[in-house]
Structure formats: structure tokens, C-alpha cells
Amino acid sequence: MAATLKSLKLLRYRALCSPSACGAARSVSYWNVSSKQHGGQDPPEHISLCHSAKKVKNICSTFSSRRILTTSSACPGLEFSKTSSSKASTLQLDSPRATRVDEEDVEVFDSFANTRVFLQLRPEYRVHSYNACETSQLLSVSESELILHKVTVYQNKLQAQVIVDYLCKLSSLPAEQHPVLLRSTTFALLCQLSVKKIQLFDTQDLINVLKAFVILGIPHSHSMLDVYETKCCHQVWEMSMDQLLLVADLWRYLGRKVPRFLNIFSSYLNLHWKDLSLSQLVHLIYVIGENRQVSQDLMQKLESLILKYIDLINLEEVGTICLGFFKSKTSLSEFVMRKIGDLACANMQHLSSHALVNIVKMFRFTHVDHINFMKQLGEIAPQRIPSLGVQGVMHLTLYCSALRFLDEGVMNAVAASLPPRVAHCRSKDVAKILWSFGTLNYKPPNAEEFYSSLINEIHRKMPEFNQYPEHLPTCLLGLAFSEYFPVELIDFALSPGFVGLAQERTKFNLIKELYTLDGTVGIECPDYRGNRLSTHLQQEGSEFLWNLAEKDMNSKPEFLETLFLLETMLGGPQYVKHHMILPHTRSSDLEVQLDVNLKPLPFNREATPAENVATLRLKHVGVSLTDDLMNQLLKGKARGHFQGKTESEPGQQPMELENKAAVPLGGFLCNVADKSGAMEMAGLCPSACMQTPGMKLAIQFTNRNQYCYGSRDLLGLHSMKRRQLARLGYRVVELSYWEWFPLLKRTRLEKLAFLHEKVFTSAL
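Quick caveat, the model's predicted, so the values are computed rather than measured.

### Let's talk about the packing of aromatic side chains
At step 1: Throughout the structure, instances matching the rule amount to 21 aromatic pairs.
At step 2: Ring centres of Phe-326 and Phe-365 lie 6.1 Å apart, and the angle between their planes is 80°; on these two criteria the pair is classed as edge-to-face. Taken together, the residues span a long stretch of sequence, with Phe-326 in helix α17 (residues 315-327) and Phe-365 in helix α19 (residues 353-366) at a distance of 39 residues.
At step 3: Overall, the relative accessible area of 18% leaves Phe-326 in the buried class.
At step 4: The partly exposed category is assigned to Phe-365, whose relative accessible area is 33%.
At step 5: Measuring from centroid to centroid gives 6.3 Å for Phe-373 and Tyr-399, while their planes differ by 90°, and the two rings are edge-to-face. Of the two residues, Phe-373 is situated in helix α20 (residues 371-384) and Tyr-399 in helix α21 (residues 390-402); the sequence distance between them amounts to 26 residues.
At step 6: By relative accessible area, Phe-373 is classed as buried at 0%.
At step 7: When its relative accessible area of 0% is taken as the criterion, Tyr-399 is described as buried.
At step 8: Through a chain of ring-to-ring contacts, three or more aromatic side chains come together here, namely Phe-559, Phe-701, Tyr-707, Tyr-737, Trp-738 and Phe-741.
At step 9: When the ring centre of Tyr-730 is taken as origin, the NZ or CZ atom of Lys-696, which lies over that ring, is 4.4 Å away.

### As for the sheet that holds strand β3 (residues 695-701)
At step 1: Strand order in the open sheet formed by four strands is β1-β2-β3-β4, and the pairing between neighbours is mixed. Each having just a single partner strand, β1 (577-579) and β4 (730-735) make up the two edges of the open sheet. Direction aside, neighbouring strands of the sheet carry axes that sit 30° apart on average.
At step 2: Looking at chain direction, strand β2 (residues 589-594) and β3 are connected through five bridges and run antiparallel. Paired with Leu-594 across the bridge in β3 is Met-695.
At step 3: Its contacts with the sheet place helix α34 (residues 716-727) against β2, β3 and β4, and it is angled at close to 145° to β4.
At step 4: Taken strand by strand, helix α36 (residues 748-762) contacts β2, β3 and β4, and its axis lies near 155° from that of β4.

### Concerning helix α24 (residues 447-460)
At step 1: For α24, spanning 14 residues, the distance from its first C-alpha to its last is 20 Å, which sits close to the expected 20 Å at 1.5 Å a residue.
At step 2: Residues of α24 that are buried include every one of Ala-447, Phe-450, Tyr-451, Ser-453, Leu-454, Ile-455, Glu-457 and Ile-458, and no others.
At step 3: Looking at the buried side of α24, the elements it contacts are α22 (408-417), α23 (427-439), α25 (462-467), α26 (471-481) and α27 (487-493).

### A closer look at the side chain of Glu-591
At step 1: Tracing the sequence through the fold places Glu-591 in strand β2.
At step 2: A polar side-chain atom of Glu-591 sits 3.0 Å from a polar atom in the side chain of Gln-593.
At step 3: Discounting chain neighbours no more than four positions away, the residues touching Glu-591 are Tyr-575, Val-576, Lys-577, His-579, Ile-581, Phe-603, Lys-696, Leu-697 and Tyr-730.

### Examining the pattern of salt bridges
At step 1: Considering all chains together, one arrives at 24 salt bridges under this definition.
At step 2: Overlapping salt bridges, with partners in common, bring together Asp-226, Glu-229, Arg-256 and Arg-260 in one network.

### Let's talk about the packing of α17 against α19
A pair of packed helices is characterised by two quantities: the angle between their axes and the separation of those axes.
At step 1: It is at 8 Å that the axes of α17 and α19 come closest, and there the two elements cross at 40°. On the basis of the axis angle, α17 is oblique to α19. α17 and α19 meet at a crossing whose hand is left-handed. Contacts from Leu-315, Glu-316, Val-318, Gly-319, Cys-322, Leu-323, Phe-325 and Phe-326 of α17 reach α19 at Ala-355, Asn-358, Ile-359, Lys-361, Met-362, Arg-364 and Phe-365.
At step 2: Its residues assigned to classes, the contact of α17 with α19 comprises 10 nonpolar, two polar and three charged.

### A look at the packing of α19 against α21
At step 1: For the pair α19 and α21, interaxial distance at closest approach is 9 Å and the crossing angle is 30°. Taken together, the axis directions place α19 and α21 in an arrangement best described as roughly parallel. α21 is crossed by α19, and the crossing has left-handed handedness. Every residue of α21 that contacts α19 at Val-357, Val-360, Lys-361, Phe-363 and Arg-364 is listed here: Gly-392, His-395, Leu-396, Leu-398, Tyr-399 and Ala-402.
At step 2: Its residues assigned to classes, the contact of α19 with α21 shows seven nonpolar, two polar and two charged.

### As for the environment of Asn-531
At step 1: Relative to the helices and strands, Asn-531 resides in the loop between α29 (511-524) and α30 (535-554).
At step 2: Separated by 36 residues in sequence, Asn-531 and Ser-495 have C-alpha atoms that sit 5.4 Å apart.
At step 3: For Asn-531, the residues in contact, after removing those within four places along its chain, are Asp-491, Leu-494, Ser-495 and Pro-496.

### Topic: unusual backbone geometry
In most cases, non-glycine residues show a negative phi, while peptide bonds are predominantly trans.
At step 1: Phi at Asn-441 takes a positive value of approximately 55°, unusual for a residue other than glycine.
At step 2: If you trace the backbone, Asn-441 turns up in the loop between α23 and α24.
At step 3: For Asn-441, a relative accessible area of 34% corresponds to the partly exposed category.
At step 4: For Glu-483, which is not a glycine, the phi torsion comes out positive at approximately 70°.
At step 5: In this structure, Glu-483 sits in the loop between α26 and α27.

What counts as what
The residue numbers shown here count from 1 along each chain, following its written sequence. The predicted nature of this model means local features are confined to residues of pLDDT at least 70 and side-chain atom pairs, given and counted, to a pLDDT of 80 or more, with totals for whole chains, interfaces and linings taken over all residues. Side-chain measures were taken over the full set of non-hydrogen atoms in the model, leaving aside hydrogen atoms and water. The pairing test for Phe, Tyr and Trp rings, Trp by its six-membered ring, is centres within 6.5 Å, and the orientation test on the planes gives stacked under 30 degrees, edge-to-face over 60, and tilted for anything in between. Here a helix means four or more residues in a row that DSSP labels H or I, a strand means two or more in a row labelled E, and each is numbered from the N terminus. Burial classes follow relative accessibility: with a 1.4 Å probe on protein chains only, a residue under 20% of its type's maximum area counts as buried, one over 50% as exposed, and anything between as partly exposed. A ring is scored as having a charge over it whenever the NZ atom of a lysine or the CZ atom of an arginine sits within 6 Å of its centre and within 35 degrees of its normal. Here, a strand pair is defined by DSSP locating no fewer than two bridges between the strands. To obtain an axis, a line is fitted to C-alpha atoms, over the contacting stretch when the element is a helix, and the angle between two such axes runs from 0 to 180 degrees between their N-to-C directions. When checking whether two residues touch, look at their non-hydrogen atoms; a contact exists if any pair is within 4.5 Å. For a helix, the expected span equals 1.5 Å multiplied by the residue count minus one. Each polar contact in these results corresponds to two N or O atoms within 3.5 Å; when the atoms are within protein, one needs to be able to donate a hydrogen and the other to accept it, and residues that are neighboring in sequence are counted only if both atoms are side-chain atoms. Salt bridges are counted wherever a side-chain nitrogen of Lys or Arg sits within 4 Å of a carboxyl oxygen of Asp or Glu. In this scheme, roughly parallel covers angles under 35 degrees and roughly antiparallel covers those over 145, while 65 to 115 is roughly perpendicular and the rest are oblique. The sense of a crossing depends on the near helix, which, turned anticlockwise from the far helix by less than a right angle, makes the crossing left-handed and, turned clockwise, makes it right-handed. Under the grouping applied here, Gly and all other residues not named as nonpolar or charged are polar, the nonpolar ones being Ala, Val, Leu, Ile, Met, Phe, Trp, Tyr, Cys and Pro and the charged ones Asp, Glu, Lys and Arg.

Pasting the structure below:
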């Protein structure tokens, strides 16, 4: 009985489905495959969509390579049908997958099929998408031999319609006969005849032939398809929207990029985009995403249609829209993203994990902080993570780090689930996960197990890191943020061989990553004796990062005001230096040096020419900074006390400086009114510049992007910087944005009082 049922299942499969990417396609040895490199996509390993259970498995299908599912069968779909048919009755399309998930089911999935789940949700999709499960009457071997014999006999006498008919009939052969057919020289002759007669094909003929090619698994790189793309280009303006989408879908099935066809299709869409129905819109966005080819102008028009249909779109379609925009590197407006977030939040429990990950990708790409979505994700993600493939886990983790969103429940679930299945990680997954934990400056309860398993996986995947060198520095920086320093890996990453490889094989400029790693090792690993970056690359990295930091800070009025106020308080620009104490940490500092008596030292000799030092004078002004006044200011009670004094002289600043210098206030507050304008400023003689500082202060001008979202916990890079400054003997002074930014709206003396307390109280 079991054997009979098994054979019936196989027969039913053959009758309903014709997998296109069986081993047959790769066994064509005699075909004259063009030597030109067509921009082909990897042909799908398994495109059978017959079994709904496979479609609705809520497993993230974000692998960039579709060569995942491998079986001993010539047609992988046969193997799949045996394992999934028993599950079909227990899984629902819009409900989360059951919590009992076999590890193989989680990690091995069909990324091609999962991205097409939405096509099963509305009957309208059948009109403009290819259905691999269309019922067709099987062609016997004897009938196929008769057709091929007729091709041999009649050849050039065959009419275009007959050629189309023959190709369609031959595609109805049982799947196991496809390799035999593709090896046939007569079939190759039939294909050549179709190319000769292609100008006589109408739109439906073209569609039927492309369907036959999909079923038979014609290699995507074959030169014959170039002619068919040209024919499709000529037919664009004669096709309907449904036909255009169907043709684009068939090219997607063939795994071939068709940029010329898509360009003309885009021109057509620019004129007819307003006529798109909901199903056409979602399918079009899917096609655009899979081909990574689109004009920004068209995407803006499609975004307006998304808003038009937003109340009619279901959750799986929302995921498809997000994935299409994400893959085409096109942003959605904050308004649309918030609408999408609202839709997801309204029914997140019934949002499939595949759609959830796609939405998360788009939130990461647009950097929109939908608070309710973040909260609900924190509740639902820990339950979903065990049933997600490692790439889905990576995308969730990367979303958290990109939005600085630290949810310990999510991070703990990630850390707990990864060690047993770390072997399924790609080098990219390892890199992004380590980077995310390091960026959020979070160590899970099982930190030792978590980090040791990932570090061991880096060692095992070194050949892959050689192929994608950009991921190794990312791994090591994520580890460094978390205070892990695998010496052998660092030595390899900083070796001349790997540095050269990184510069040759990747489109990314890895100098700043390698420079950050090199500088970190120099401070935090004093016993390290391995490779270091060359002096030339260190200088290049330092200049690159300083230029970025200087441009960024000088564009911020609030920073420039802070710098000027510090110069005013301390006595002039020679008492403060804006530079990068640790260039490899990618942010600048305001350095102040104090002597043993807590008096500021004029160490910044670049700020004032030596010949002008002796001429600096303090100009008399009529505002006294007394201890009593400052105490009141620090308590927030004196705003009205001195507002009248300062405002009584319109246009005059409370302090004015010759040559932008002022008296150093030192370790105590001076009464400025008691100082004469001709008084020599203490500490401005050249000998003072040579004094050894008793204390070095590194003032950090912070902003909210240096902290975890909604908290006062520093991110990994900035925490590491402070750790290293302390190692070098600096006292870190925080100008926290939540304290300093509101004060910028207050009076000048209040700001000076705050800065004075920060600088000199921290020195005690």
C-alpha cells in the first residue's frame, strides 16, 4: 500500500508540476552556449510552487544565493513533495509557524518560492504571473520522437505557429525525459528554427515559448535568449500590462536579467502607472526588486499608489513591497513607513516571519523609528527567533543595531539560538551579528559560549573571508567593542597579504575599519606582537577620519558655540584644542590640560602665533562673576538676577576679548571686575607651554546617536573610545546632550557656569 501511494504521489506530481531547474539544465553539453557574460541571475534550484506548505513556512528567505537546497534527486521538488505534503493541512498562510521546528526545516528553504507566496493570495495574480503548477497533459516519449522526426524532415518548411506548437508539446514530456530532450541535436535545430521565425511570433506565441523554455530549464546564459529578449523589447508597446508582467515573471523564472526589456517596460510604466491595479502594483514591485533595476522617478509614482491601496493591502503583500523597495535600494518616505508600521502592529501575531523580516529590512534601510513597532517586535521576536533561519536572525539583529534599539529579550534569544546552528552562518551573518552585539555594547548571559562559537566559526570560514574580505574587519571590530581580541585573526587581518587582498577584491574602502582595528590593538593589547598597518596606511586612515570628523563638527552651530565658550572661559583658543586624541575612534575631542594646581595650560600652540602671545590682554567689562552668583546660577535661581545687567547694554556681550582671548578662570571663579584691562594674563609666557600637565581632560561633545535608543547607555564604539582614553591617562568629561542642549537656549553666563563646573569639578 505504501509503495502504491508513493508511486501515485510521484505520478500526480509529474502531471501537475514541471520543475524547471532540475539537473537537466546543467547536463546540456553540446549546446552552443554564448561565451558572452550575460547579466544572468542564478537559476532557481527549485521553482515548484505546488505544495502550499512550502510556501507558508514562516522561515526567512533572504539568502542571496538560491543554491541552498540540494538533494540526490534530479528534481529537488520530488524530494520536497514527500516531506511537506503531510504538513500542508496544519499550516495556515497568515499564522506563525508552529514552535516545533526541525533544524533542517529552519535552515534549508527555497528562497525563490518564499518570495512568491503573495502570488497565491489573490486570484488576480494568476492573470499576470507564471504558475508552475498548471495542469498539462503529459506527452509520451513516442509522440516526442514523432515531433522531432517531423522537425528533421521539414525543417525550414515549418510554419511559425507549428514551431511554437512543437515547443509547447515537447515541454509536456515527463520531467525525467527533459535531459534526454536537451541533449538532442534535433531539439537544438528546432530552437534555431524558432529564432529564424521569431519575427512572425505574436505576443501569445512569445509567451508560450518562454513558458516552454522555463519548464524545460533552458540555461539562462544561452545566446538564443538574447534574440528572445530583443523580440520582447519590440513587443512591449503591443502588450497589455498583464502580459508585460507575465513576460517579466517568465524571465525571472529563467534566471536571466533582461535590462533592455525592463528599460522599455519602465518607459511604458511612466505613461500607464496610474492604471495599475493592486495586484499589478505588488507584482511589479516584486519584479523590480528581483531585477534590481528601476528609475527613482518611477518608484516615487509607485509609492503614491501604495498610499492609494494601503487599506486594501494584506500583510504578506506589505512584506513583498518592502522587499522590492529594499532590493532596488529605493527608500520609502517616513509617512509611508509609519503607515506600514501601523499595519504590521495591528496584526503582528499573524504576520509571517518572512514578511516580518522584509519589513524590518525596510525600517533599517529608512532609519524610521516606529516606536510601537519596536515595542511589539521586542515582544514577538524572541518567540520567532528559534524558527527563523540564521539569515533572518541576522537581519533582526542588524535592525536593532542600526536603529540603536537594545531589547535584551531579543538579543538574549539570538545569543541562545545561534551556538547550536552556527555552522549554517555565512561569513556575512557572523560579521553582522558580531557587529550588532558590539555596536549595542551588550553581552548576553551566555556570552562565553556565544562568542567562542562565533570566533571558532570565523576560523572555519577563512576561505570564505578571503572571497569576501570586507566581513573580517567587521567581525573583529564587533569583537573589539565587546573586549574580545582573537590574536591570530587580528594578525591575519592586519597582514600585508590580507590588506592587499581587501583593497583588490572589494568595492568598499576598508582602510578606516582596518585603521580602527589597528589603533585599538595598539592600546588594548600591549603584549600583541603581530602584524600592524604600515605607517602610510595609518596616516591615510588618520587623515580620512579627521577630515570627516572636522567637516561634521564644524557644520554644527551648537558645537562651534561650545568651543567658543570654552575658549572664553579658559582664556583663549590656546587653552583648548579641537582634534582627535584617538583618530581611529572616528570622533573628535576637545582637549584641555591643567597643571597640578588645576590651572589651565596654554598647550595649543597652533591656536596663537608665538609673537602675539605677549600682547594678549583682558578687556574690562562690567559683569562680576562672584562665587555667590555662580552658586545661584548652578541652582537655577539666578536667571532674572543678571538678565537685567546683560540686557541693559544691548549689543554688548557679557565678555569681550582682544584677539579672542579671556582671562583663565582657573580652579576657582575670579571677579572679572576686579581685574584691570592691562593685567598680564597668567600662564601665557612661552615657558608655560612646556609645563607637564597635571591632568589631561578629553571633553566629549555627545549627541543622541552615540547612545542606545531611548537610553543613556553608550554604543560600543563610543564606550570603547572612553575605555581607551582612560588607558592613556585622560579624564573623560561628558557634555551630555540631555544636559547641554537645553542649556544652549539659556544665557551666556549660565552656559559658562555649567562648563566651569564640568571642567573643574571633574578634575577633582
